[in-house]
Amino acid sequence: TPAKTPRTMTDAIRQAISDSGMTFKAIERETGVRRQSLMRFVRGEQSLRLDIADRLAEYFGIDVVWREAK
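In this text the structure is predicted, and so the values were computed from the model without any measurement.

What follows covers the packing of aromatic side chains. Under the counting rule described, the total for this entry stands at one aromatic pair. With a centroid separation of 5.0 Å and an interplanar angle of 85°, the aromatic rings of Tyr-59 and Phe-60 are classed as edge-to-face. A relative accessible area of 31% places Tyr-59 in the partly exposed class. Its end group placed over the ring of Phe-41, Arg-14 keeps NZ or CZ at 4.4 Å from the ring centre.

Shown next as structure tokens:
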């Protein structure tokens, strides 16, 4: 089956974390985002502040495209 394309920035970040194969400790060290926050985010228990989501998106090379609401 083809890989599912992430529909939101949140989905894309979650997928990038998973696909990276990196430990939460390594991501914390590289980005400054606390590993406890990363773990809660990946489990769906916590959302990310916009500045943190932006930092992770930049780190993982995720392009954010803003669209106007319909």
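What follows picks up the thread again.
Attention now goes to the packing of helix 2 (residues 24-31) against helix 3 (residues 35-42). It is the contact of helix 2 with helix 3, at a shortest axis distance of 9 Å, that shows an interaxial angle of 120°. Our classification of the angle between helix 2 and helix 3 gives oblique. Where helix 2 crosses over helix 3, the handedness of that crossing is right-handed. Of helix 3, the residues touching helix 2 (which contributes Phe-24, Lys-25, Ile-27 and Glu-28) are Arg-35, Gln-36, Leu-38, Met-39 and Val-42. The class makeup of the residues in the contact of helix 2 with helix 3 is five nonpolar, one polar and three charged.

This part covers the pattern of salt bridges. Applying the stated criterion across every chain yields a total of three salt bridges. For Glu-28, the salt bridge goes to Arg-35, with nearest N and O atoms at 2.8 Å. For Arg-35, a relative accessible area of 29% puts it in the partly exposed group. For Glu-45, the salt bridge identified is with Arg-43, shortest N-O distance 3.0 Å. Looking at Arg-43, the relative accessible area reads 52%, which means it is exposed.

A separate point is the side chain of Thr-31. Considering the arrangement of structural elements, one finds Thr-31 in helix 2. One polar contact links the side chain of Thr-31 to the main-chain carbonyl oxygen of Ile-27, over a distance of 2.7 Å.

Looking now at the nonpolar core. With 15 residues, the main nonpolar core has Ile-13, Ile-17, Leu-48, Leu-56, Phe-60 and Ile-62 as its most contacted residues. Listed by contribution, the elements that provide at least two residues to this core are helix 1 (9-20), helix 3 and helix 4 (50-59). Those residues in contact with Leu-48, other than ones at most four positions away along the chain, are Ile-13, Phe-41, Ala-53 and Leu-56.

Cut-off values and rules
Along each chain, the written sequence defines residue order, and numbers are assigned to residues from 1. Predicted model: local features are reported for residues with pLDDT of at least 70 only, side-chain atom pairs are reported and counted for 80 or more only, and whole-chain, interface and lining totals are derived from all residues. Calculation of side-chain values draws on the structure's entire complement of heavy atoms; hydrogens and water are dropped beforehand. Side-chain rings of Phe, Tyr and Trp (the six-membered ring for Trp) are treated as a pair once their centres are within 6.5 Å; stacked means planes under 30 degrees apart, edge-to-face means over 60, and tilted covers the remaining angles. Classification of residues uses two cut-offs on accessible area relative to the type maximum, computed with a 1.4 Å probe and protein chains only: under 20% is buried, over 50% is exposed, and between them is partly exposed. Two thresholds decide whether a charge sits over a ring: the Lys NZ or Arg CZ must be within 6 Å of the ring centre and within 35 degrees of the ring normal. Interaxial angle, 0 to 180 degrees, is taken between N-to-C directions of lines fitted to C-alpha atoms, where a helix line uses only the stretch in contact. The helix count covers DSSP runs of H or I at least four residues long, the strand count covers runs of E at least two residues long, and both are numbered beginning at the N terminus. Orientation is classified from the angle alone, with under 35 degrees giving roughly parallel, over 145 giving roughly antiparallel, 65 to 115 giving roughly perpendicular, and any other angle giving oblique. Helix crossings fall into two classes, left-handed where the near helix is turned counterclockwise from the far one by less than a right angle and right-handed where it is turned clockwise. In this description, contact between two residues means that some pair of their heavy atoms is separated by no more than 4.5 Å. Gly is put with the polar residues, along with every residue not named as nonpolar or charged; the nonpolar set is Ala, Val, Leu, Ile, Met, Phe, Trp, Tyr, Cys and Pro, and the charged set is Asp, Glu, Lys and Arg. Salt bridge, as used here: a side-chain nitrogen of Lys or Arg that lies within 4 Å of a carboxyl oxygen of Asp or Glu. Any pair of nitrogen or oxygen atoms within 3.5 Å is treated as a polar contact; in protein, a donor-acceptor pairing is required on top of that, and neighbouring residues in sequence qualify only through side-chain atoms on both sides. Here, nonpolar core refers to any group of buried Ala, Val, Leu, Ile, Met, Phe, Trp, Tyr and Cys residues whose side-chain atoms link them within 4.5 Å.

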